[in-house]
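# Fold and geometry: a report
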Amino acid sequence: HGHFAVAAAQVLGEKGAVYAVDVDRRALSFLQSRASEACLANIIPVHGNLESDRGVPLSDDFGDVALLANALASFVSPLSVFSEIRRLIKIGGIFCLVGPKSASPFYRLARTKELSEDAACCLAEESGFAFERRFNAGWHHYASIFQRIR
């Protein structure tokens, strides 16, 4: 629902822009409404499909940072998603992956397709990212930081 996009836009202020990608036009419309209510002009909704090669209509090496939070289970091909994110981030750019810990009830309830943190990290590395570090994202979530290396 755009929680992270709104927070990132508030942190960036007029210095930067947040490109929020979703395949669901209704979700993008909802985000646009939230951005308007918060007087944030630096959120740019982008209709795109992270699972398709060039499925996001942005140029190669476009962004500095990408965040994928609590969404991995909704994709059929996580490797395709990581490859498309790699295409969109500049070499040296940062990719942050957040997901439910396997011990979390969020993981067990509706996320039967959710990858473990280790499996997701392996796929990210296979896609051209180097693991940098993990950080505490609360009781129920992991967060891993990667850097695009190729």
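Everything discussed here concerns the structure shown above.
The structure presented is a predicted model; accordingly, all values stated were derived computationally and were not measured. (Residues numbered from 1 in each chain as written. Predicted model: local features only at pLDDT ≥ 70, side-chain atom pairs only at ≥ 80, totals over all residues. Heavy atoms only, no water.)

### Looking at the packing of aromatic side chains
The condition is simple: Ring pairs are drawn from Phe, Tyr and Trp, using the six-membered ring of Trp, whenever the two centres fall within 6.5 Å, and their geometry is named by plane angle: stacked under 30 degrees, edge-to-face over 60, tilted for the rest. In this text, helices come from DSSP runs of H or I with a minimum length of four residues, and strands from runs of E with a minimum of two, each type numbered from the N-terminal end. Burial classification: accessible surface area is computed with a 1.4 Å probe over protein chains only, and a residue below 20% of its type maximum counts as buried, one above 50% as exposed, and the rest as partly exposed.
Under the criterion given, the structure shown has six aromatic pairs. A centroid spacing of 4.8 Å and a plane angle of 90° characterise the contact between Y19 and F62, whose relative ring orientation is edge-to-face. On the criterion of sequence distance, the pair formed by Y19 in strand β1 (residues 18-22) and F62 in the loop between β2 (43-47) and β3 (63-69) is long-range, its members being 43 residues apart. Looking at F62, the relative accessible area reads 31%, which means it is partly exposed. Here F131 and F146 contribute two aromatic rings whose centre-to-centre distance is 5.8 Å and whose plane-to-plane angle is 75°, an arrangement assigned as edge-to-face. With F131 in strand β5 (residues 129-136) and F146 in strand β6 (residues 141-148), the pair connects residues that are 15 residues apart, well separated along the chain. Taken together, the ring pairs in this structure connect F82, F95, F129, F131 and F146 into an aromatic cluster.

### Some words on the packing of helix α3 (residues 78-88) against helix α5 (residues 117-126)
Definition in use: For helices, the axis comes from a line fit to the C-alpha atoms of the stretch in contact; other axes are also lines fit to C-alpha atoms, and the angle between any two N-to-C directions lies between 0 and 180 degrees. Between 65 and 115 degrees an angle is taken as roughly perpendicular, under 35 as roughly parallel, over 145 as roughly antiparallel, and anywhere else as oblique. In a left-handed crossing the near helix is turned counterclockwise from the far helix by less than a right angle, and in a right-handed crossing that turn is clockwise. We call two residues in contact whenever any of their non-hydrogen atoms come within 4.5 Å of each other.
Viewed as axis vectors pointing N to C, α3 and α5 meet at an angle of 45°, and their least axial separation amounts to 9 Å. As the angle between them shows, α3 and α5 are arranged oblique. Two packed elements cross with a definite hand, and for α3 against α5 that hand is right-handed. From α3, P78, L79 and F82 reach across to α5, where they touch A120, L123, A124 and E126.

### Observations concerning the pattern of salt bridges
Formally: By definition, a salt bridge exists where a carboxyl oxygen of Asp or Glu is found within 4 Å of a side-chain nitrogen of Lys or Arg.
Going through the model one piece at a time under the given rule, you end up with eight salt bridges. In this structure, K90 engages D64 in a salt bridge whose closest nitrogen and oxygen atoms are separated by 3.2 Å. Highlighted residues: K90 in strand β4 (residues 89-100) and D64 in strand β3, separated in sequence by 26 residues. Using a relative accessible area of 33% as the deciding quantity, one classes K90 as partly exposed. The salt bridge partner of R134 is D118, with a shortest N-O separation of 3.2 Å. Of the two residues, R134 sits in strand β5 while D118 sits in helix α5, which places them 16 residues apart along the sequence. Taking the relative accessible area as the measure of exposure, D118 reaches 52% and is therefore exposed. What you see here is one network of salt bridges that share partners, running through R54, D60, E84 and R87.

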